[in-house]
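What the coordinates show
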Amino acid sequence: MGRLDDKVAVITGAGRGIGREIAMLMAAEGARVVVNDLGGNTDGTGTGKSADDVVAEIKAAGGEAASNTESIAEYSGGESLLKTAIDNFGGMDILVNNAGILRDKTIFNMEEADWDVVMAVHLRGHYCCSRPFAKYIRENNRTGCRVINFSSVSGLYGNFGQANYGAAKAGIAGFSRVLALELAKYGCTVNTISPGALTRMTIPLRKEEVGEEDLETGGPQHVAPICVWLACEEAAGISAQIFHTGRGGVGIMQQPIVIKQFGKSTGTWSLDELDTFVPQLVEAKKANEEAAKETGKMIEIG
Ligand SMILES: NC(=O)c1ccc[n+]([C@@H]2O[C@H](COP(=O)([O-])OP(=O)(O)OC[C@H]3O[C@@H](n4cnc5c(N)ncnc54)[C@H](O)[C@@H]3O)[C@@H](O)[C@H]2O)c1
């Protein structure tokens, strides 16, 4: 008995890296899996057959899988995922929006094309794949479905040289919170993962060399379990959350919330009053952050 027996899962960008690990683990848990991947380079150029390779691996391990090589940056690509799932396995229960690319540059050097293509694959890609699935859930009264989206600390904290990627990844967190509200009525949860893993995307960003041991402790296999768990029946009540994971850690993130405010019963704030109160707000935020640094420290469980 697998945890995902009778479920059909679609994973975008599953030809390598984190997506491949999720596809392999979902298949091992009994899901029938659509492996989507355009098979291109990290910068979004080119195409390839990595999705077929992962399908072959899943089948060799005794699982069921089908390949889809469409670009999820196109709406027709998003629709094709649903069609591949229905044609091959008769339905769809789980969508993992994982596909991604990078075009890192500072704002001074970031051309329109670098902005557009990153927004297209990440933010637009989440829309292109989620909307056909959401409509399918509503039209078919399909219960117990799951959407799992991929954000990044780049957008949630900020990272130098990634204005395009950070904006898209922050947008994905916002998109997920809204989708969670809109799909709650249909029993579909929507959660977000902020991963950290040594993959083709991140290894070149490391200053030090990456050895076998680093891949063992920091590889994409550490991201897959929480993603698969969120797809299970046991995660039914959990939605609109951001889980941070990688390198053996699994954590939950605080989301934007007002932590302190002052009120005036009459009139608007004068600039002189703001001279007094804004520094107090900034101090409160710093104290909050310091407290979170303490509670967010990894608790070793062996
Ligand atoms: N690796 C990390 O530390 C890290 C950190 C934060 C966020 N992420 C996010 O996790 C996700 C997976 O990243 P990864 O590290 O496994 O990268 P990866 O490059 O190993 O895999 C990404 C896959 O997405 C595919 N892809 C790209 N554009 C596509 C498109 N238009 N249509 C279909 N497939 C497409 C690529 O071909 C590739 O196989 C991405 O969304 C990434 O932004 C990763």
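Structure shown above.
The following refers to the structure shown. (Residues numbered from 1 in each chain as written. Predicted model: local features only at pLDDT ≥ 70, side-chain atom pairs only at ≥ 80, totals over all residues.)

**Comments concerning the site of the ligand**
Our working rule: Using a C-beta atom placed from the backbone, a residue is scored as near a molecule or strand whenever that atom is within 6 Å of it. Each helix is a run of H or I in the DSSP string that is no shorter than four residues. Each strand is a run of E no shorter than two, and both are numbered from the N terminus. Gly counts as polar in this scheme, as do all residues outside two lists: the nonpolar Ala, Val, Leu, Ile, Met, Phe, Trp, Tyr, Cys and Pro, and the charged Asp, Glu, Lys and Arg.
Taken together, 33 residues lie around the ligand, and Gly13, Gly17, Gly100, Ser152 and Thr199 are the ones closest in. Considering every element that reaches the shell around the ligand, the biggest residue donor is helix H1 (residues 17-28), with 3 residues. Grouping the constituent residues of the shell around the ligand by class yields 12 nonpolar, 18 polar and 3 charged.

**Notes on the nonpolar core**
We count it as follows: By definition, a nonpolar core groups buried Ala, Val, Leu, Ile, Met, Phe, Trp, Tyr and Cys residues that are joined through C-beta atoms within 7 Å. Each residue is classified by how many other C-beta atoms fall within 10 Å of its C-beta atom, where C-beta atoms are placed from the backbone; a count of 20 or more means buried, 12 or fewer means exposed, and values in between mean partly exposed. With C-beta atoms placed from the backbone, a contact is any residue pair whose C-beta atoms sit within 7 Å.
Counting 70 residues, the largest nonpolar core has Ala9, Ile22, Ala23, Met26 and Val33 as its most contacted members. In contact with Ile22, not counting residues within four places along its chain, are Ile11, Ala14, Val96, Asn98, Ala224, Cys227 and Val228.

**Points about the pairing of strand E8 (residues 249-252)**
To keep things clear, this is the line we draw: The pairing criterion is simple: DSSP has to find at least two bridges between the two strands.
In the sheet, strand E7 (residues 242-246) pairs with E8 via 4 bridges, with the strands oriented antiparallel. If you follow Phe243 over to E8, its bridge partner there is Ile252.

**A closer look at the pairing of strand E3 (residues 64-68)**
Test applied: Whether a crossover is right-handed comes down to one check: with the strands pointing away from the viewer, does the path from the first strand over the helix to the second run clockwise; if it does, it is right-handed.
Burial within E3 is extensive, with 4 of its 5 residues counted as buried. Judged from the 5 bridges that link them, strand E2 (residues 32-36) and E3 form a sheet pairing that is parallel. Bridge pairing in E3 places Val33 opposite Ala65. The parallel pair E2 and E3, bridged by helix H2 (residues 50-60), forms a crossover whose chirality is right-handed.

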